[in-house]
Amino acid sequence: MKEYWLTAEILFEAGKKGKCLTYSEFASILNKKLGRKVIPERGRGLLKTAKYLQQVCRYYYTWFNVLPGSVVVSKKGLPGKGYFGLLRKLKVNTPWEFNLQRFLRFCSLLECKR
């Protein structure tokens, strides 16, 4: 359970900075915050990131209509297949760029409330 809250924290930190993270960067940060390696930081093991990202995206999309996982991308600069599969499951018909900008705006509004 702690992994999911830390996942959300990492995604919101990136969003508040207005930057994207690669899957490797996300895995590395999560591992450091947990103090143990839960996700490989390279290779096919990165597919395990989907478990954490999708759970957080489902929650925030249901309650706030934003997709925090939009800030996690491959080295090519786009989200992986799992992200787009989740969009289909959630029946989200907006492009990734729109979802990314919506999440970044949501983060900036959170900063204003402090």
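For the structure itself, consult the block above.
Because the structure is predicted, anything quoted here is derived from the model rather than measured. (Residues numbered from 1 in each chain as written. Predicted model: local features only at pLDDT ≥ 70, side-chain atom pairs only at ≥ 80, totals over all residues. Heavy atoms only, no water.)

**Things to note about the nonpolar core**
Piece 1. L11, F26, L30, I39, L67, V71 and V72 are the most contacted members of the largest nonpolar core, which totals 37 residues.
Piece 2. Leave out the neighbours within four places in its chain, and F26 touches T7, I10, L11, L21, I39, T49, L53 and V72. (Core = buried A, V, L, I, M, F, W, Y, C linked by side-chain atoms within 4.5 Å. Buried < 20%, exposed > 50% of the residue type's maximum accessible area, 1.4 Å probe, protein only. Contact = heavy atoms within 4.5 Å.)

**Considerations on the packing of helix α1 (residues 2-17) against helix α3 (residues 49-64)**
Piece 1. Running from N to C, α1 and α3 point in directions that differ by 75°, and their axes come no closer than 9 Å. With respect to their mutual orientation, α1 and α3 come out roughly perpendicular. Together, E3, Y4, T7, A8, L11 and F12 of α1 and K51, Y52, L53, Q55, V56 and Y60 of α3 make up the contact between the two elements.
Piece 2. Class assignment for the residues of the contact of α1 with α3 results in eight nonpolar, two polar and two charged. (Axes fitted to C-alpha atoms, helices over the stretch in contact; angles between N-to-C directions. Helix = DSSP H or I, 4+ residues; strand = E, 2+ residues; numbered from the N terminus. Parallel < 35°, antiparallel > 145°, perpendicular 65-115°, else oblique. Nonpolar A, V, L, I, M, F, W, Y, C, P; charged D, E, K, R; others polar.)

**A closer look at the layout of surface pockets**
Piece 1. In this structure, the largest pocket encloses a volume near 540 Å³.
Piece 2. Lining the largest pocket are 27 residues, with Y23, L46, L47, S74 and G80 positioned closest to its centre.
Piece 3. Broken down by secondary-structure element, the contributors of at least two residues to the lining of the largest pocket are α2 (23-34), α3, β2 (72-73) and α4 (81-90).
Piece 4. When residues of the lining of the largest pocket are assigned to their parent elements, the largest contribution, five residues, is made by α3.
Piece 5. Of the residues that constitute the lining of the largest pocket, the class distribution is twelve nonpolar, nine polar and six charged. (1 Å grid on protein atoms, 1.4 Å probe; cavity = no way out; pocket = protein on both sides within 12 Å on 5 of 7 lines; lining within 4 Å. Points joined across faces, edges and corners; volume = space filled by probe spheres on them.)

**Focus on the packing of α3 against α4**
Piece 1. Axis separation between α3 and α4 bottoms out at 11 Å; the angle between their running directions is 35°. In the packing of α3 onto α4, the handedness of the crossing is right-handed. Within the contact between the two elements, α3 uses Q54, C57, R58 and Y61 and α4 uses G82, L86, K89 and L90.
Piece 2. Across the contact of α3 with α4, the residue classes tally to four nonpolar, two polar and two charged. (Left-handed = near helix turned anticlockwise from the far one by under 90°.)

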